[in-house]
Protein chains: 2
Amino acid sequence: MARVNQSQFALLGLLSLGPMSGYDLRQLIAWSVGHFWREGYGQIYPTLQHLEKQRLVTKKTQRQKGKPDRNIYSLTPAGRDRLRQWLSQPASPEVPRNELLLKLFFGQWVPAAASRAQIEAHRRIWKKQLEEYAAIRRRLLEEHEQDAGRPFWEITLSYGEHIAKAQLAWSQETLKKLRDKK
Amino acid sequence: MARVNQSQFALLGLLSLGPMSGYDLRQLIAWSVGHFWREGYGQIYPTLQHLEKQRLVTKKTQRQKGKPDRNIYSLTPAGRDRLRQWLSQPASPEVPRNELLLKLFFGQWVPAAASRAQIEAHRRIWKKQLEEYAAIRRRLLEEHEQDAGRPFWEITLSYGEHIAKAQLAWSQETLKKLRDKK
DNA sequence: CGTAGCATGTAAGTTGTTACATGATTCG
DNA sequence: CGAATCATGTAACAACTTACATGCTACG
């Protein structure tokens, strides 16, 4: 059995928060679920059409002056049911694929400095990410204090923080190990 | 620019440890890099042919009695160069895609028990994973004590342990939060 | 006698990425 | 005047998954 289109459900989920266009969806994805989910336009627009064909969403075209038309999509009751059904099913186990670890695994074939550089870059990325999580947390407390979704959004944020800290701890520990050895 | 075939390098890397067949590769992947990299036969066999065409590996057919022939692949000098070159390049940033978090993010639309069940399942998986890491660590110390690759293999293992512990900590913390709220 | 292991491969289908195409407005 | 933003979409291409196909041996 072929894998199910996950982007579909990401879009249904976001549309459950309110009607919006493909463009809006892209924007919203970036600053809401961006740290654990991404979609590009090349995925969003065809998927919206697919959802419309299945009657899970409806489209309304909004004319604008000076700007292109907007296609506003709304969840239908069937779409909401479909979303609920998906949410209730256990998440499928993710297939691990970590390029950094693969490169480190074969570290014996390159100078130690190369492996160190890989980890340094990794450390920088996660340090920045952790700072971003702090910013998200502030925004979450300020702008969404009584939003019904907030406790759940905080759960995903907390996940990110835990992972980021683990990434940083491992990076520093490993860099130290590599330094001591040399 | 299209994304580069990563499976290619995974296979080159494993072949750098010694000549072997596609079948062997699958086996080796499972118990060496299995916790951060996976490949199925549908990917391995075509990729080996592709590598052969590029002269990065050579094939020798070994006849066996009572069993099918084995195609043994070996790294060529060009293959080793190609591997080294790839190892020296910075790992491309991974695109995040976490189904569990996506489901939790929209937790407001399902009973709290559903979200709890998701996290429980997640906890069980990582608990098991952490136990497996302990087994890998034992094997690493016993069977590969003076292997040149060992320090690097330990680095990837340590990564897994850090992440697994973070996953468990988050799971337990979050389950507690959800319990208190209810 | 069914199942698992050994061993290799093909084919079909889906997903996801990237580049391309368009065109107006606003801002520096 | 160039760049960025708004806004939607298509086409081409990789990459990956799954199922299918084959056939022998050993084991319980």
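Residues numbered from 1 in each chain as written. Chains lettered and ligands numbered in written order. Predicted model: local features only at pLDDT ≥ 70, side-chain atom pairs only at ≥ 80, totals over all residues.

A. Summary view of the relation of the copies chain B and chain A. Superposition record for chain B on chain A: RMSD 0.0 Å, screw rotation 180 degrees, translation along axis 0.0 Å. Here the copies are linked by what is in effect a two-fold axis. A share of 100% of interface residues in chain B that are also interface residues in chain A marks the association as one of identical surfaces. (Least-squares fit on C-alpha atoms with pLDDT ≥ 70 in both. Contact = placed C-beta atoms within 7 Å.)

B. Geometry of the protein's contact with DNA strand D. What surrounds DNA strand D is a group of 27 residues, the closest being Ser-21 and Tyr-23 of chain A together with Asn-5, Gly-42 and Gly-66 of chain B. For the surface near DNA strand D, the secondary structure elements donating two or more residues are helix H2 (22-32), helix H3 (41-53) and strand S2 (70-75) of chain A together with helix H1 (6-15) and helix H3 (41-53) of chain B. A total of four residues in the surface near DNA strand D trace back to one element, the largest contributor, which is H3 of chain A. Residue classes in the surface near DNA strand D are distributed as 11 nonpolar, 12 polar and four charged. (Near = placed C-beta within 6 Å. Helix = DSSP H or I, 4+ residues; strand = E, 2+ residues; numbered from the N terminus. Nonpolar A, V, L, I, M, F, W, Y, C, P; charged D, E, K, R; others polar.)

C. Layout of helix H4 (residues 77-88) of chain B. All names here are of chain B. Across its 12 residues, H4 extends 17 Å between first and last C-alpha, which sits within 8% of the 16 Å expected from 1.5 Å per residue. Gly-79, Arg-82, Leu-83, Trp-86 and Leu-87 are the residues of H4 that are buried. Burial along H4 is one-sided: seen end-on, the buried residues are contained in an arc of 135 degrees. Exposed and facing more than 90 degrees away from the buried side of H4 are Pro-77, Ala-78, Asp-81 and Gln-85. (Expected span 1.5 Å × (residues − 1). Buried ≥ 20, exposed ≤ 12 C-beta atoms within 10 Å, placed from the backbone. Arc of directions from axis to C-beta.)

D. Here's a closer look at the packing of helix H2 (residues 22-32) of chain B against H3 of chain B. Residue and element names in this part refer to chain B. Contact geometry for H2 and H3: axes closest at 10 Å, N-to-C directions at 130 degrees. Comparing the axis directions of H2 and H3 gives the class oblique. In the packing of H2 onto H3, the handedness of the crossing is right-handed. Residue-level inspection shows Gly-22, Leu-25 and Arg-26 of H2 in contact with H3, the latter providing Tyr-41, Ile-44, Tyr-45 and Leu-48. Its residues assigned to classes, the contact of H2 with H3 comprises five nonpolar, one polar and one charged. (Axes fitted to C-alpha atoms, helices over the stretch in contact; angles between N-to-C directions. Parallel < 35°, antiparallel > 145°, perpendicular 65-115°, else oblique. Left-handed = near helix turned anticlockwise from the far one by under 90°.)

E. Quick look at the protein's contact with DNA strand C. Of all residues adjacent to DNA strand C, which total 27 residues, the nearest are Asn-5, Gly-42 and Gly-66 of chain A together with Ser-21 and Tyr-23 of chain B. Mapped by element, the contributors of at least two residues to the surface near DNA strand C are helix H1 (6-15) and H3 of chain A together with H2, H3 and strand S2 (70-75) of chain B. Sort the elements by how many residues they give to the surface near DNA strand C and H3 of chain B lands first, with four residues. Residues that form the surface near DNA strand C fall into these classes: 11 nonpolar, 12 polar and four charged.

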